[in-house]
Amino acid sequence: MIADKNTSPPPGFDQNSAVTSCQTLHNQSPTTSSGVYWIDPDGGSQANAFKAYCDMETDGGGWTLVWSYSFTNYNNFNDDSNASTPRPNWLVKAKADVSVSTNPPLNETDFNTMNVSLWKQLGRQVLIKSNINNWLVCHPGLGSLVDWQEGNINCTIIKNVADPSESSPAPSKFSGKTNHGPILYLSGYRLGMYVFALTFVFLLTPRTSAKDEKGTFFRMEENAFLDDENALQSEKADSILTCAQMCGREVTCKGANFLANEGTCFFLGEGRRASKVERVVKREGSFYVEKVNPPEISGPHPEQNTSPPLGSNQNSAETSCQTLHNQSPTTSSGVYWIDPDGGSQANAFKAYCDMDTYGGGWTLVWSYSFTNYSHFNDSSNAITSRPNWLVKAKVDVPVSTNPLLNETDFNALNFSLWKQLGRQILIKSNINNWLVCNPGRGSLVDWREGDMNCTIIKYVVDSSKSSLAPSKFSEKTSYGPMLYSSGYWNSTYYYFDGYKGHNWPTHDPLGRDETNQKKNVVDPHGQNASPPPGSNQHSAVTSCQTLLKQHPTMCSGVYWIDPDGGSQANAFKAYCDMDTYGVSSNAITPRPNSPVRSEVDVPVSSTPPLNETDLNAINFSLWKQLGRRVLIKGNINNWLVCHPGTGSLVDWQEGDINCTIIKYVTDLSGSSSAPSKFLAKANYGPMFYSSGRWNSTYYYFDGYTGNDWPTHDPLGRGGPNQKKNVVDPHGNIFIRAE
């Protein structure tokens, strides 16, 4: 129930809840999945916060993606014309000619890069992932990519992509002083890049045998030193990794200090760590590691494929949904990128793939509804919209060539592309039986009359399953193609009539050209999955309350509404609260365009908010069309439901109102009383109060930053008694009919 939830958004959910890095987010919420979140590296006002991609799985998670790149000539990899593109705005020679990016990448194939000046605010440990080279995790030593400092670094290969024998060593040096970009190398130069931020990691020493599956794990603190005068011994080491490996081989060694500038590793014993928390001190260039128990591993760690999933973006477009299904049989139904001609992918587009019905792999090419379903056999009834196939000029329903993205997106793919996708046809409808048809002499895709081989795969209407499937196709009928059995008009199964002046669009599961289609369907169409009212513009309802009355089990969410109940051309999306106090709703903030003094200076919004932290407001002129009962919710004040009396917020009318507290957010004793009056003529916004205006104010929606303040007092005293220390303080107003 919304009434019981914490309305503060999770960390990183929006600009107001931005975190300093993906690592911070991972620390606060370890179960957060990989994805796009808001971050604010400088930890300031959040005004300069931005979206970034967080990898929450690889090598412990918490990595902020700072660069994603491709190549200018991958097919001729060692040609001079090949370069990584785009590049960050780091310091290189003026000759570097690939494009520079400072736009944070939002996924691993969004080829962009975050401004380099921000990288060191995110951390200094680097993860480099590639689908053509091994993956690395690199800790700074004397060298550092983030600090653009040449010298030794401590890298570990965490995934062998190209070298299955796992014989290759990791690079150990970094240089930014090469000709046109930085290099990671062993002794004499060459390589590429990726991501950041971690305060500790696990390091795995080399396996001593094939059976040694786990090795030794360490926790590491960078720029830290455990103050211990009684170190077991000291050894020379060229890196923190070498130091950890040497400690790992010594049973008595329980931890180590590594001084990078001296190349010295100090082994620490068991008793040296009893009060280590107090004795770990900050020390530049030093690393402290200690042995820890290995993490619980329930099975082999799945290796992530860094290539984007097939069809997930334009560059990975497949020729059809069937091709995608063949290559990845577990792919679920949804929207994917396809490129039917299999060319450069420049003309690839998004399409809906049905991966479940009758074996899967179907590309959705047409979804339609009806112009007069309630009078099905009237000549005014036709399918709509229609593909751009060849029919008589009289056909008057709209033509579509827009790829459709779900089964009730009433559009059609350009008919010229259909034959590139295949010739087998799946026809689904919620008022007629489902068919799969294979071409014979006749073919819908080839627009050729003749026999075809159809099978009924789902009985929608004829539960006795006595009906036969059609066996013929004709494109030579009056106003659209037909599937039938013997004589055109006495055995029609599907007739896709596109003219509203004659005939009607037969959908007869018995194949008799009669009105045997399924009756009383809320949203009849040529696909499965009927959408509930409010799920698209064509099914918009007048208010959330209307929707709730029609479907009492509806969940809170975004629906289409049309307050004036007209043509639906002016319908819009709005957020409906279907849980709180039995109401449905629309939410507001900052301020609506209601009449207030000219000094009011906060932004005005007339954009419908789509969730409770989408800070916007529906045009005030529409409120009274939605109802007059008001629900006020906030995470710093009690929740109210107010019925109009002589006063009304919606009518902007001063007077008495009847309010009830439905949730105590601050005053848990439940001793406060609800406001009883509404005032529209307060200084800079409306007010809910009890007796004297300023000494009994409960809510005052002050919109002027130059005077007064927005009282949110659960005690109704006009004081600062609102809930304190809330991460994302906000409020919402919802409306429903009486």
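Residues numbered from 1 in each chain as written. Predicted model: local features only at pLDDT ≥ 70, side-chain atom pairs only at ≥ 80, totals over all residues. Heavy atoms only, no water.

As recorded in an unreviewed UniProt entry, the protein goes by Fibrinogen C-terminal domain-containing protein and comes from Stylophora pistillata.

1. Quick look at unusual backbone geometry
Of note, the amide linkage connecting T85 to P86 takes the cis form, showing an omega dihedral of -5°. Following the sequence through the fold, P86 ends up in the loop between β5 (84-85) and α2 (119-122). Within the chain, D59 stands out as a residue other than glycine whose phi angle is a positive 45°. Position of D59 among the secondary structure elements: in the loop between β2 (50-55) and β3 (63-64). (Helix = DSSP H or I, 4+ residues; strand = E, 2+ residues; numbered from the N terminus.)

2. Focus on the pairing of strand β1 (residues 35-39)
Burial runs high along β1: 4 of the 5 residues are buried. Here β1 runs beside β2; their pairing, made up of 5 bridges, is antiparallel. Bridging across to β2, Y37 finds its partner in A52. (Buried < 20%, exposed > 50% of the residue type's maximum accessible area, 1.4 Å probe, protein only. Pairing = 2+ DSSP bridges.)

3. Focus: the sheet that holds strand β19 (residues 349-354)
Strand order in the open sheet formed by 3 strands is β18-β19-β20, and the pairing between neighbours is antiparallel. With partners counted over all chains shown, the strands left at the sheet margins are β18 (334-338) and β20 (362-363), one partner each. With 5 bridges connecting them, β18 and β19 associate as antiparallel partners. When the sheet's bridge partners are listed, I338 is paired in β19 with F349.

4. Some details on the sheet that holds strand β23 (residues 425-427)
Strand order in this open sheet of 6 strands is β23-β24-β25-β26-β27-β28, and the pairing throughout is antiparallel. One side of each edge strand has no neighbouring strand; the edge strands of this open sheet are β23 and β28 (492-495). On average, each strand axis in the sheet is tilted by 30° relative to the strand beside it, whichever way the strands run. Bridge analysis of strand β25 (residues 450-458) against strand β26 (residues 472-474) gives 2 bridges, and the strand direction is antiparallel. Opposite D451, over in β26, you have K472 as the bridge partner. (Axes fitted to C-alpha atoms, helices over the stretch in contact; angles between N-to-C directions.)

5. Let's talk about the state of the cysteines
Using the criterion set out here, one finds 7 disulfides in the structure. One disulfide in the model links C22 with C54; its S-S distance is 2.0 Å. On the sign convention where negative is left-handed, the bridge of C22 and C54, at about -75° about the S-S bond, is left-handed. With C22 in helix α1 (residues 22-28) and C54 in strand β2, this pair connects stretches of sequence that are 32 residues apart. (Disulfide = S-S within 2.5 Å.)

6. Some points on the pattern of salt bridges
Oppositely charged side chains can form a pair if their charged atoms are brought close together. Inspection of the entire model under this criterion finds 10 salt bridges. For K129, the salt bridge goes to D55, with nearest N and O atoms at 2.9 Å. Placement of the pair is K129 in the loop between β6 (126-128) and β7 (135-140) and D55 in strand β2, with a sequence separation of 74 residues. For D55, a relative accessible area of 2% gives the class buried. Residue E108 is joined to K129 by a salt bridge in which the shortest nitrogen-to-oxygen separation is 3.0 Å. Note that E108 is positioned in the loop between β5 and α2 and K129 in the loop between β6 and β7, a separation of 21 residues in sequence. Across this residue pair, the class does not change: E108 and K129 are buried. Residues joined by salt bridges that share partners form a network here, namely D55, E108 and K129. (Salt bridge = Lys/Arg side-chain N within 4 Å of Asp/Glu carboxyl O.)

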